[in-house]
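# Inside the fold
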Amino acid sequence: MSEEGITKLIRSDLAAFGGYVPSKAPEILSDKVKVPINGITKLDANENLYGCSPKVNEALGSYPYFNIYPDASQTELRQLLQGYTGVGSEHIIVGSGSDQLIDLLIRLFVGPGDEVINCVPTSDIFRFSTMLCNGKLVEVPRDEDYRVNVSAVKKAITKKTKMILLANPNNPTGTPTPKQDILELIDTGLPVLADEAYVEFSGETVTPLVPKYDNLLVLRTFSKWAGLAGLRVGYGILPPQIAGFLLRIKLPYNVNIAAQVAVRESLKDIDYLLGKVKVIVVERERLFNELSKLEWLKPFPSQANFIFCHVLNGKAAKIQQELESRGILIRHFDIPLLQNSLRISVGRPDHTDALIKALKEVGGG
Ligand SMILES: Cc1ncc(COP(=O)(O)O)c(C=O)c1O
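Now for a description of the structure that goes with this document.

Around the ligand sit 13 residues in total, of which Ser98, Asp195, Tyr198, Thr221 and Ser223 are the nearest. The contact in question runs from an oxygen atom of the ligand to an N or O atom on the backbone of aspartate 99, over 3.0 Å. In this structure, asparagine 171 approaches the ligand through a side-chain N or O atom, which is 2.7 Å from an oxygen atom. Bound to the protein, the ligand loses 91% of the 400 Å² it would expose on its own. For the shell around the ligand, the leading source of residues is helix H5 (residues 98-109), giving three residues.

Turning our eyes to something else, we now look at the environment of leucine 105. By secondary structure assignment, the location of leucine 105 is in helix H5. Taking the C-alpha atoms as reference points, leucine 105 and leucine 246, 141 residues apart in sequence, are found 7.4 Å from one another. Sequence-distant contacts of leucine 105, that is, excluding residues within four places in its chain, are made with Met163, Leu193, Leu217, Leu219, Leu238, Ile242 and Leu246.

To describe a pair of aromatic rings, one takes the distance between the centres and the angle between the planes. The final tally for this structure, using the stated rule, is twelve aromatic pairs. Measuring from centroid to centroid gives 5.4 Å for phenylalanine 17 and phenylalanine 128, while their planes differ by 50°, and the two rings are tilted. Remark: phenylalanine 128 occurs in helix H6 (residues 125-132) and phenylalanine 17 occurs in the loop between helix H1 (3-8) and helix H2 (26-33); sequence separation between them is 111 residues. Residues tyrosine 20 and phenylalanine 128 carry aromatic rings whose centres are separated by 6.0 Å and whose planes lie at 75° to one another, so their mutual orientation is edge-to-face.

Moving on, we get to the sheet that holds strand E4 (residues 136-141). If you walk across this open sheet you meet the seven strands as E2-E8-E7-E6-E5-E3-E4, and the pairing is mixed. In this open sheet, the two edge strands, each paired with only one partner strand, are strand E2 (92-95) and E4. Neighbour to neighbour, the strand axes of the sheet diverge by 20° on average, direction disregarded. Note that strand E3 (residues 115-120) and strand E5 (residues 161-167) share four bridges and pair parallel. Across the sheet, the residue bridging to isoleucine 117 is isoleucine 164, located in E5. Most of the contacts of H5 go to strand E7 (residues 216-221), to which it runs at about 160°, and overall it touches E2, E5, strand E6 (192-195), E7 and strand E8 (234-237). Against the sheet, H6 makes contact with E3, E4, E5 and E6, and its axis sits at roughly 155° relative to E4, the strand it touches most.

Now for the pattern of salt bridges. Opposite charge on two side chains lets them pair, provided their charged atoms get close. Counted according to the given criterion, the structure contains 23 salt bridges. The salt bridge partner of arginine 11 is aspartate 13, with a shortest N-O separation of 2.8 Å. The exposure class assigned to arginine 11 is partly exposed, which follows from its relative accessible area of 42%. For lysine 136, the salt bridge goes to glutamate 115, with nearest N and O atoms at 3.8 Å. Of this pair, lysine 136 sits in strand E4 while glutamate 115 sits in strand E3, placing them 21 residues apart in sequence. Relative accessible area serves as the criterion here: at 46%, lysine 136 is assigned to the partly exposed category.

The rules behind these values
- All chains use their own residue numbering, which begins from 1 and follows the written sequence.
- Predicted model: local features are reported for residues with pLDDT of at least 70 only, side-chain atom pairs are reported and counted for 80 or more only, and whole-chain, interface and lining totals are derived from all residues.
- Computation of side-chain values: all heavy atoms of the structure, hydrogens and water removed.
- We define proximity as follows: a residue is near a molecule or strand when any one of its heavy atoms falls within 4 Å of that partner.
- Definition of a polar contact: a pair of N or O atoms within 3.5 Å, with one able to donate and the other able to accept a hydrogen when the atoms are protein atoms, and with sequence-neighbouring residues admitted only if both atoms are side-chain atoms.
- For accessible areas, the Shrake-Rupley method is used with a probe of radius 1.4 Å. Any residue's cover is judged against the shown protein chains and nothing else.
- Elements are defined by DSSP. Helices are runs of H or I of four residues or more, strands are runs of E of two residues or more, and each kind is numbered from the N terminus.
- Two residues qualify as a contact provided that any one of their heavy atoms is within 4.5 Å of a heavy atom in the partner residue.
- Any pair of Phe, Tyr and Trp rings, taking the six-membered ring for Trp, is counted once the centres come within 6.5 Å. Such a pair is stacked with planes under 30 degrees apart, edge-to-face with planes over 60 apart, and tilted for the rest.
- Pairing between two strands requires that DSSP report at least two bridges joining them.
- Inter-axis angles, ranging from 0 to 180 degrees, are taken between N-to-C directions of lines fitted to C-alpha atoms, where helices are fitted over the stretch in contact.
- Here a salt bridge means any side-chain nitrogen of Lys or Arg lying within 4 Å of a carboxyl oxygen belonging to Asp or Glu.
- A 1.4 Å probe rolled over the protein chains alone gives each residue an accessible area, and that area as a share of the maximum for its type sets the label: buried under 20%, exposed over 50%, partly exposed in between.

Given below as structure tokens:
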């Protein structure tokens with residue numbers, strides 16, 4: 001069969017599928033801008049620049065059973081996460097990153113033509129997974145400070161609505177959603193996905209409410225606070241019947257054994273990791289103050305490990321590129337609801353210093 005013949009057999013709704021724009025890996029940038037990999041300041045993907053717990057490195061270096069499949073029913077991981085979250089293991093499911101659980105939950109509820117309410121602007125992964133299911137995205141804009149418009153969300157509900165998606169705090173804006181607003185959304189009876197990827201930095205969670213409601217779906221991750229983005233491990237805290245469905249529809253060995261070992265070791269080193277979270281939160285406030293001093297930038301207060309900024313002189317793309325050529329990566333957005341804006345991860349103090357110096361050099365002109 002010709003190549004065109006094969007393409008004709010692809011699902012027609014995926015023919016024009018746009019895909020997801022991922023962050024750039026440091027080795028790719030290193031090649032492009034001729035800055036050595038250890039000289040790259042990576043502030044574009046909300047990673048933890050303190051790295052993971054040293055216990056993880058030690059344990060992985062001497063782990064003897066990489067030749068054996070992990071436990072498909074995730075018994076140890078779910079037990080460990082019961083200890084960390086305070087919610088019973090029957091509520092818990094683990095994924096290869098919380099992205100995988102967003103995808104599985106949307107697949108569980110959404111079929112062709114079903115509607116999904118998305119509070120935009122927000123993480124593109126919600127659009128991505130909804131489109132993969134041939135669902136219909138119903139976008140409800142946030143207000144000018146990027147707060148969720150709860151009454152507009154409720155008005156957008158139709159007979160076809162299957163889910164309400166909410167990142168809390170929101171990515172890329174860092175905006176929290178008050179518990180009261182989430183309760184109002186739960187009262188609609190629809191599945192409400194509260195994606196709490198940055199919860200350790202915000203301190204606000206609806207996790208304790210999960211056992212009380214059959215439609216609250218909370219997702220969290222080890223990518224941010226525990227510095228395990230590269231090992232891909234996130235988890236859901238869900239009504240037990242939904243956790244049971246996900247156990248059945250997930251790929252059997254979706255969480256690899258290195259991730260399992262890393263979770264075990266991270267949870268033995270919680271004080272160390274939460275100490276780093278505290279340091280990042282302090283640095284977030286310093287970064288916010290420094291960014292506020294640049295009259296051509298408008299940073300927004302953030303409850304996460306990044307800061308979102310409007311670029312008032314219209315030069316967001318140029319600033320991002322100039323920084324990139326110096327080996328400093330930040331995220332630039334230029335889509336309808338995110339014109340001329342940047343998102344900058346909170347790194348270590350030396351990263352803040354290098355970033356601010358570079359912004360002063362390139363930004364004003
Ligand atoms: C809101 C939100 N959800 C989920 C994710 C994905 O996290 P993970 O690395 O666990 O897949 C991110 C990552 O940036 C995010 O910002």
